[in-house]
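Structure assessment
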Amino acid sequence: MATLSPPSSSASWPLPPSDSNPNPNFLSPSVAPNSPPSSSSSSSQTIDLPESEYNDDPVHTNPDPTRSAVPTLLHLSFNQDHGCFAAGTDHGFRIYNCDPFREIFRRDFASDDGGGGTGVGVVEMLFRCNILALVGGGPYPQYPPNKVMIWDDHQTRCIGELSFRSEVKSVRLRRDRIVAILLQKIFVYNFADLKLLHQIETISNPKGLCEVSQLSGSMVLVCPGLLKGQIRVEHYNSKRTKFIMAHDSRIACFALTQDGRMLATSSSKGTLVRIFNTLDGTLLQEVRRGADRAEIYSLAFSSSAQWLAVSSDKGTVHVFGLKVDSGSLGSERSRTSSEPNLSVPPAVSSLSFMKGVLPRYFSSEWSVAQFRLHEGSQYIVAFGHQKNTVVILGMDGSFYRCQFDPLAGGEMTQLEYYNFLKPEDSFLNS
């Protein structure tokens, strides 16, 4: 059961900006980077959204020399357009730009006794605006782990909160919605007034799996169902709920296209990735990551839904070519053999002609391109804004930007590498 902190019903709650990419930086130069967060969370004040006062230089706080030079990383996530990413640490949080890579700003919090930093376990960005959702984490959380704190970085304080009876596993944001994911429940709120709109019960969801579409005017929400291997799809505009039995084993990871029409899923086995039409639940394509079991850490569609990237604990990032035109799914028409995706080479087994005799493994579709990383480390992946590039983030602080050849395929070319947890002088202004 959720309890709602201020604002009151008469308060005016500000909407996020409508521009998905208003400016490459967040902060006004006038914002004091070391201002402590306010203990109150009233929304009676109007948020003054920054407009023309940004500059193009990275803005960051100076690290406290009494603290460890390298913080412990608690959380990593991309923003909605994959142009930035957020890192939650045991000291606070940091925001980075992907291309060009640089730290945009950080917020290091001090504990009540003036000791070491306090942790942020979830940081959810809203495109590139100054509103973020934070959840406390680590051994010394900055906020209670059962609360979603709405942070306005222009004011450098929390302006609202959502309280629950159990730990918040993750948060998803749209310009018009806030979605809080708990172990077995999901709560959907209106961003304008924090009014509770919908509650969803799920199977146990310790990873906080949930995705929402980002196109204005329509909303699709995807989450685990109540059965093992089941996906629930909420189409809010048409008020329809669709259940998809995606796998026999539990769901480990999934991704949604920006328009909410295509869904990629993987199970705890981690060998196959399936792509579904969210409108009718039909299976559009199945690709194979490998033969051995693996834990899938992330799935990501390219902006055009032409490619799908996959990262796992096996230490390899795979890029697959997709055969379905997302824009045609509204009419339930996918590309046929007369309309091939000419930029995607056929990555199928040479024994696929014997698929009626041999196991499905030999007729599988394999990845077009690969990038090798350290096995056992946790990485998430997204497609870069430059053509045919991927961005890879590691829980060890690693940042990779790589490029793949859509025709020749094979090993990707590494373009950049940084460790974003090192002191800022190792990469700022680089």
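Predicted, not measured: the structure shown is a model, and the values here were computed from it.

Quick look at the nonpolar core now. In this structure, V148, L162, F164, V168, V171, L173 and I178 are the most contacted members of the largest nonpolar core, which totals 22 residues. At the level of secondary structure, the elements contributing two or more residues to this core comprise β7 (131-136), β8 (147-152), β9 (157-164), β10 (170-173), β11 (177-181) and β12 (185-190). Of all hydrophobic cores here, the second largest spans 17 residues; its members include Y379, V381, C402 and M412.

Our next topic: the sheet that holds strand β25 (residues 369-372). If you trace the five strands from one edge of the open sheet to the other, you get β22-β23-β24-β25-β29, paired in mixed fashion. Edge positions in the sheet fall to β22 (296-301) and β29 (410-411), since each of these pairs with one other strand and no more. As judged from the four bridges shared by strand β24 (residues 316-321) and β25, these two strands associate in the antiparallel manner. Directly across from V317, in β25, lies its bridge partner F371.

To continue, consider the pattern of salt bridges. All chains considered together, the criterion is met by 13 salt bridges. D176 is the salt-bridge partner of R177, the closest N and O atoms lying 4.0 Å from each other. When its relative accessible area of 26% is taken as the criterion, D176 is described as partly exposed. Here the salt bridges do not stand alone but share partners, grouping E124, R172 and E211 into one network.

In terms of residue burial, strand β4 (residues 92-98) counts as a mostly covered element, since seven of its seven residues are buried. Here strand β3 (residues 84-89) folds back onto β4 in antiparallel fashion, the turn holding two residues. Two elements, β4 and strand β5 (residues 101-108), share seven bridges in a ladder whose sense is antiparallel. For G92, the partnering residue across the bridge sits in β5 and is D108. Where β4 folds back on β5, the antiparallel hairpin that results is connected by two residues.

For the rest of this paragraph, the subject is the side chain of N419. Counting through the fold element by element, N419 comes out in strand β30 (residues 413-419). A relative accessible area of 17% means that N419 is categorised as buried. At 3.0 Å, the side chain of N419 and the backbone nitrogen of L421 are in polar contact.

The rules behind each value
- Residues numbered from 1 in each chain as written.
- Predicted model: local features only at pLDDT ≥ 70, side-chain atom pairs only at ≥ 80, totals over all residues.
- Heavy atoms only, no water.
- Core = buried A, V, L, I, M, F, W, Y, C linked by side-chain atoms within 4.5 Å.
- Buried < 20%, exposed > 50% of the residue type's maximum accessible area, 1.4 Å probe, protein only.
- Helix = DSSP H or I, 4+ residues; strand = E, 2+ residues; numbered from the N terminus.
- Pairing = 2+ DSSP bridges.
- Salt bridge = Lys/Arg side-chain N within 4 Å of Asp/Glu carboxyl O.
- Polar contact = N/O pair within 3.5 Å; in protein donor to acceptor, adjacent residues only side chain to side chain.

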